[in-house]
Structure formats: structure tokens, C-alpha cells
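# Structural features, examined
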Amino acid sequence: MTTTAITNIGSLVTNDPAQGDGTPLGLIANATVVIENETIAWVGPADKAPATDTAFDAEGRAAIPGFVDSHSHLVFAGDRTAEFNARMSGHSYSAGGIRTTVAATRAASDAALEANLVRHLHEARRQGTTTFETKSGYGLTVQDEARALRIAAAHTEEVTYLGAHIVSPDYADDPAGYVDLVTGEMLEACAPYARWVDVFCEKGAFDGDQARAILTAGAAAGLIPRVHANQLSHGPGVQLAVELEAASADHCTHLTDADVDALAQAAGTTVATLLPGAEFSTRAQWPDARRLLDAGVTVALSTDCNPGSSYTSSMPFCIALAVRDMGMTPDEALWSATAGGARALRRADIGVLTPGARADLALLDAPSHVHLAYRPGVPLVSAVWQKGLKTA
């Protein structure tokens, strides 16, 4: 077995309160991390570090767990620059724009879809993302949804079946027939490639009864629910996510007090995943992270990277937005972008830097993680390890 020490870390975020300063981030100053193969073998003060085979000098930089992006839509083709330009000129966002990407994705080859996916993964990794979830949802036929998931599954274990992104244009006059397809033949073809099932529960997409039927069918096929909930308006999505013990309710922009209470009561089961890139790109109302955190809700931050409403792969950018416009502290935002994302994926081996965890971490060209919000837009990630290998 080969062991490597990352030495001379100025400030190490472990996300383990038992480590270091005892805060939720478990900060250790003047730290060393020891990697053995794909896992973390040891973390602690540099003067107590064990001997290793090799070493990497962090030169006083801060080290953080690799970002866990628990919500993205990366299997797609085409470009929606014109839509973005129009929206920035005063037009409001609606779910209908998804149909543009559906047409382009259906027309694309498998090779083109995979190349685009890989390009975005490399882009995200350079910015410190070491785990990502991604969804189907731009095919909306049995064949196109299944191939999207097959392509995604070759690159991540966190794959989500989102045949219920919108009602397929082919079923515009028969939404009930499309729900039957999503819960029947399409689900059967897609389930072998996926871990999760998702639904866009929103006006213009799927109502509460349709969403419940889709998630229930997915769960019966062995998939774990997650929900696009309460993004564009108040609706039943959050309550449905809690009722069905979904791993996450994503967006959570328009919430009643009852919604917040439900998420707080379900904090150990259902994570509220906030996606500030969508609000930035649509000039929509920001989610109130402070309200959720103060109520005791478990919060994650993710990019929602997609070609229409949030075309960013940058978790540091989302952290900066969350701190500036959503009421989060820099510590809370970093935790939500790492450990919070891991909770949303029901993973204990990522989002933390403790012995036994997967060796996913990023070095920042800065003395503290606070610089992620303090210096927005600056490419601070200087090195990345994924499964113990230095990849960037």
C-alpha cells in the first residue's frame, strides 16, 4: 500500500466536529492529511503526523473536502444562449424552455452527449467538485431517457431518472398517458442505470398527484425519491418530499411556514438542496437559507448545472451567492456544499476528511476557506485529489 502525506496545510476543514476546534467544520490549523490508496488514513496536527511513502507540500494553503454537487443536468446537447439573452432583457423564465434542449438532445449522437458530459465534469473538477449527481430528463422517450442514464452511469454512481422533467411534447394532449409511460415502460428501461427517481413538481410540469404516482412507482422499482420542489411557486413538492421520505427537496424557493416546519421535522431524512445558480440566471427570488437553517433544516448547496436556467458548474460561485444573497455564513455555505451535499446523496464517505472517508479534497490558493466567498469569481482551487489521485 502507498501512503501520501499532504503536509503544511495552513487550515484544514474536516467537517468532523470531533476534530480540531470542535466547530461543525472541525478546523485544524497547521495540519497534515495522510492518504492510503483511495481513502483518508489520518488527519491531524502536522507535528503528530505518521511517516509516509511520499509527501506533497501544501505551502500553507487551506484544504477542504471535495465539493459534492448533488443536483445537475449534464446529459444534454444544444445551446440556449438566445433564451438567456432574452431573459436578461426582461422576459421571465418558465419550464417550457426545456423543450428546446429536448429537441437538441434527441438529435445528438451518443458520442456527442458523452463528450459534452465529460467536458462539464472536467470543468467542475478543476473547481474542486469530486462527486456529482446528474439526471436524465432531456430525452423524454424510452430510448432517449435510457441512453442518457447509461451514459451518465459510466461516469458517476449518482444517477437520477428524471423522465418526469416536463410532459413530453409527444404527449402534449395526453399528460396522463405520459405519466403512464414514465411509471411503466420508461421506468423499466431506466431503473437499471439509476439510483434515484426525481420529478419536477411545478405548474407547467407535474402536479402533486402525478408526482406522487411517479415517485411511488420509482420507489417500487428500487429507486430513492428526490423532488424538484417549490422552485417557481408555492406548491405541494416539499410536503410530498417529506411524506415520501425523499432524500432531498431541491430548490425550496417558495415556502410556507408549514413547509419549513416539515423540512425541520424531517431534517434527518430529507435535505433542502438550494440552487442559487438558478436564481442568479433567472433573476428570480432567492431561497431564504437563513430561515431554513434557523429552523433546524439540513441544507445542501448545488449548482443545478443545466443549459437553460443555471449554466454554471462552479460550486465556489454558488457558495459566494449563498453568502451574499441567501443569508448563509461562509462556514455554513462550505458545509452545505460538501457535507450537506453528501447528506442529500445519503453518503457518509464523502464531504468529510476523516479516517475511512474517500480521499477527495481540494487545496485552495488561499489561507482560509472563507476566501471562497471573500474572493468571488477568482479561481482559487489549486489542486484536487479524487479517490486518492491528484487529478488537477
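Please refer to the structure higher up on the page.
Below is a short write-up of the structure.

Calculation criteria
Within each chain, residue numbers correspond to sequence positions counted from 1 in written order. For this predicted model, a pLDDT threshold of at least 70 governs which residues receive local features, and a threshold of 80 or more governs which side-chain atom pairs are given and counted, while totals over whole chains, interfaces and linings are taken from all residues. Side-chain numbers come from the whole structure's heavy atoms, not from hydrogens or water. Where helices and strands are cited, they refer to DSSP runs of H or I of at least four residues and of E of at least two residues respectively, numbered from the N terminus. To get the radius of gyration, use the C-alpha atoms; to get the globule rule, take the number of residues to the power 0.38 and multiply by 2.2 Å. Each residue gets one of three labels from its accessible area relative to the maximum for its type: buried under 20%, exposed over 50%, partly exposed in between, using a 1.4 Å probe on protein chains only. Accessible areas in this description were obtained via Shrake-Rupley with a 1.4 Å probe; residue shielding takes into account the shown protein chains only. What makes a nonpolar core is a set of buried Ala, Val, Leu, Ile, Met, Phe, Trp, Tyr and Cys residues whose side-chain atoms join them at distances within 4.5 Å. The contact criterion used is simple: two residues touch if any of their non-hydrogen atoms lie within 4.5 Å. Whenever a carboxyl oxygen of Asp or Glu lies within 4 Å of a side-chain nitrogen of Lys or Arg, that contact is scored as a salt bridge. Only rings of Phe, Tyr and Trp enter the pairing, Trp through its six-membered ring, and a pair is recorded when the two centres are within 6.5 Å. The plane angle decides the type: under 30 degrees is stacked, over 60 is edge-to-face, the rest tilted. Think of it as a cone above the ring: NZ of Lys or CZ of Arg counts as a charge over the ring if it is within 6 Å of the ring centre and within 35 degrees of the ring normal. We count Lys and Arg on the positive side and Asp and Glu on the negative side, and we leave His and both chain ends out. Each polar contact in these results corresponds to two N or O atoms within 3.5 Å; when the atoms are within protein, one needs to be able to donate a hydrogen and the other to accept it, and residues that are neighboring in sequence are counted only if both atoms are side-chain atoms. The convention used is that axes are lines fitted to C-alpha atoms, helices contributing only their stretch in contact, and that angles between N-to-C directions extend from 0 to 180 degrees. Orientation labels follow simple angle bins: below 35 degrees gives roughly parallel, above 145 gives roughly antiparallel, 65 to 115 gives roughly perpendicular, and whatever is left gives oblique. By convention, the crossing between two helices is left-handed when the near helix turns anticlockwise from the far helix through less than a right angle, and right-handed when the turn is clockwise. Following DSSP output, two strands are said to pair if at least two bridges run between them.

### Here we look at the overall build of the protein chain
- Secondary structure summary: the protein chain contains 14 helices and 17 strands in total.
- At 21 Å, the protein chain has a C-alpha radius of gyration in line with the 21 Å of a compact globule built from 392 residues.
- Across its three principal directions, the C-alpha atoms of the protein chain cover 70 × 45 × 45 Å.
- Relative to its 392 residues, the protein chain shows a buried fraction of 58%.
- Element-wise, carbon and sulfur atoms account for 51% of the exposed surface of the protein chain, whose accessible area totals about 14600 Å².

### Some points on the nonpolar core
- One finds Tyr161, Phe206, Leu263, Leu292 and Leu301 to be the most contacted residues of the largest nonpolar core, which totals 88 residues.
- Non-local contacts of Leu263, meaning those with residues more than four positions away in its chain, are made with Val238, Val242, Ala249, Cys252, Leu255, Thr270, Ala272, Leu292 and Val297.
- Val33, Ala63, Ala359 and Ala383 belong to the second largest nonpolar core, which has 17 residues in total.

### Some thoughts on the pattern of salt bridges
- If you walk through the whole model with that rule in mind, you get 21 salt bridges.
- Put simply, Asp360 and Arg358 hold a salt bridge, and the shortest N to O gap is 2.8 Å.
- Residue Asp360 is classed as buried on the basis of its relative accessible area, which comes to 3%.
- Taken together, the shared-partner salt bridges connect Asp110, Asp144, Arg147 and Arg150 into one network.

### So, the packing of aromatic side chains
- According to the stated counting rule, one finds 6 aromatic pairs in the structure shown.
- Seen from their ring centres, Phe76 and Tyr311 are 6.0 Å apart, and the 80° between their planes marks the pair as edge-to-face. With Phe76 in the loop between strand E6 (67-69) and helix H1 (81-88) and Tyr311 in the loop between strand E14 (299-301) and helix H12 (315-325), this residue pair connects regions lying 235 residues apart in the sequence.
- Grouping aromatic residues by their ring pairs yields a cluster made of Phe76, Tyr138 and Tyr311.
- One cation-aromatic arrangement involves Arg226 over Trp196; the distance from NZ or CZ to the ring centre is 4.3 Å.

### With respect to the side chain of Arg125
- Relative to the elements of secondary structure, Arg125 occurs in helix H3 (residues 110-126).
- Summary of buried charges: Arg125 has no salt-bridge partner, and the nearest side chain of opposite charge, Asp360, is 8.7 Å away.
- Polar contacts involving the side chain of Arg125 include one to the side chain of Gln386, which spans 2.9 Å.
- What Arg125 contacts, discounting residues up to four positions off in sequence, is Val384, Gln386 and Thr391.

### Quick notes on the packing of H12 against helix H13 (residues 330-344)
- At a minimum axis separation of 9 Å, H12 and H13 run at an interaxial angle of 140°. What the angle tells us is that H12 and H13 run oblique. At the point where H12 passes H13, the crossing takes the right-handed sense. When H12 is examined against H13, the residues Met315, Ile319, Ala322 and Val323 are found in contact with a partner set consisting of Pro330, Ala333, Leu334 and Ala337.

### Some words on the pairing of strand E1 (residues 3-12)
- Here E1 runs beside strand E2 (residues 28-36); their pairing, made up of 7 bridges, is antiparallel. Each residue of the ladder has a partner; that of Thr4, found in E2, is Ile35.
- For E1 and strand E4 (residues 54-57), the ladder comprises 4 bridges, and the chain directions are parallel. Across the sheet, residue Ala5 finds its bridge partner in E4, namely Ala55.
- The pairing of E1 with strand E5 (residues 62-65) spans 2 bridges and is classified as parallel. Residue pairing for E5: Ser11 is matched across the bridge by Ala62.

All we've got here are geometric facts, nothing functional implied.
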